[in-house]
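Analysis of the macromolecular model
This is what each chain is made of:
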Amino acid sequence: MAGEIPNLAESNLRALVVDDNLVNQMMHHKLLDRLGIQNDVVCNGQEAVDVHCSGRNYDLILMDMEMPIMNGIQATKRLREMGIESKIAGVTTRAEEEERKEFMEAGLNDFQEKPLTISKLVSILHNLDFCDQT
């Protein structure tokens, strides 16, 4: 793996993983842990909205696009309508141009295709100014 992996434990960053797939949830949770980022996991967009309604705040949200109950596009739109200013990165296997455009227009700050790797996660963090460029 090229490049240094930042340790962001002292930054007190909080992230929310929004994905209905248990394997992806576990992978994203462990990648964030590896970088020292505290994180919670929910299974769909409605749960992401509900968590924010309960008063929790996150610096970063890793949002899947295709989920039951409320998909990532709907959840991103709803969070933005609620005034949530967290940085939202879409992370999905569905990357057709039209779908990606709709997801970005919903209010994403960044986008990466799955599978999410440590280098893709570090790229998100750099793109969204959570850590210094090396």
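Residues numbered from 1 in each chain as written. Predicted model: local features only at pLDDT ≥ 70, side-chain atom pairs only at ≥ 80, totals over all residues. Heavy atoms only, no water.

The name given to the protein in an unreviewed UniProt entry is Response regulatory domain-containing protein, with Eruca vesicaria subsp. sativa as the source organism.

Comments concerning the pairing of strand 2 (residues 38-42)
Here strand 1 (residues 14-18) pairs with strand 2 via five bridges, running parallel. Residue pairing in the sheet places Val17 in a bridge with Val41 of strand 2. With helix 1 (residues 22-34) bridging strand 1 and its parallel neighbour strand 2, the resulting β-α-β unit is right-handed. (Pairing = 2+ DSSP bridges. Helix = DSSP H or I, 4+ residues; strand = E, 2+ residues; numbered from the N terminus. Right-handed = clockwise from strand over helix to strand, strands pointing away.)

Details of the sheet that holds strand 2
Taken in spatial order, the five strands make up an open sheet running 2-1-3-4-5, and their pairing is parallel. The open sheet is flanked by strand 2 and strand 5 (110-113), the only strands paired with a single partner. Averaged over all pairs of adjacent strands, the angle between strand axes in this sheet comes to 20°, irrespective of strand direction. Two strands pair when backbone bridges link them, and strand 4 (residues 87-92) and strand 5 are joined in this way by four bridges, in the parallel orientation. Following the sheet pairing, Thr92 is matched in strand 5 by Glu113. (Axes fitted to C-alpha atoms, helices over the stretch in contact; angles between N-to-C directions.)

Some words on helix 3 (residues 72-81)
Every buried residue of helix 3 is accounted for by Gly72, Ile73, Ala75, Thr76 and Leu79. For helix 3, the angular spread of the buried residues around the axis is 165°, confining them to a single face. Considering only its buried residues, helix 3 is in contact with helix 2 (45-53), strand 3 (60-63), strand 4 and helix 4 (97-105). Two or three places before Ile73, at the opening of helix 3, Asn71 has a side-chain oxygen 3.0 Å from that residue's backbone nitrogen. A positive backbone phi angle near 85° is found at Gly83, which sits one or two residues after helix 3. (Buried < 20%, exposed > 50% of the residue type's maximum accessible area, 1.4 Å probe, protein only. Arc of directions from axis to C-beta. Contact = heavy atoms within 4.5 Å. Polar contact = N/O pair within 3.5 Å; in protein donor to acceptor, adjacent residues only side chain to side chain.)

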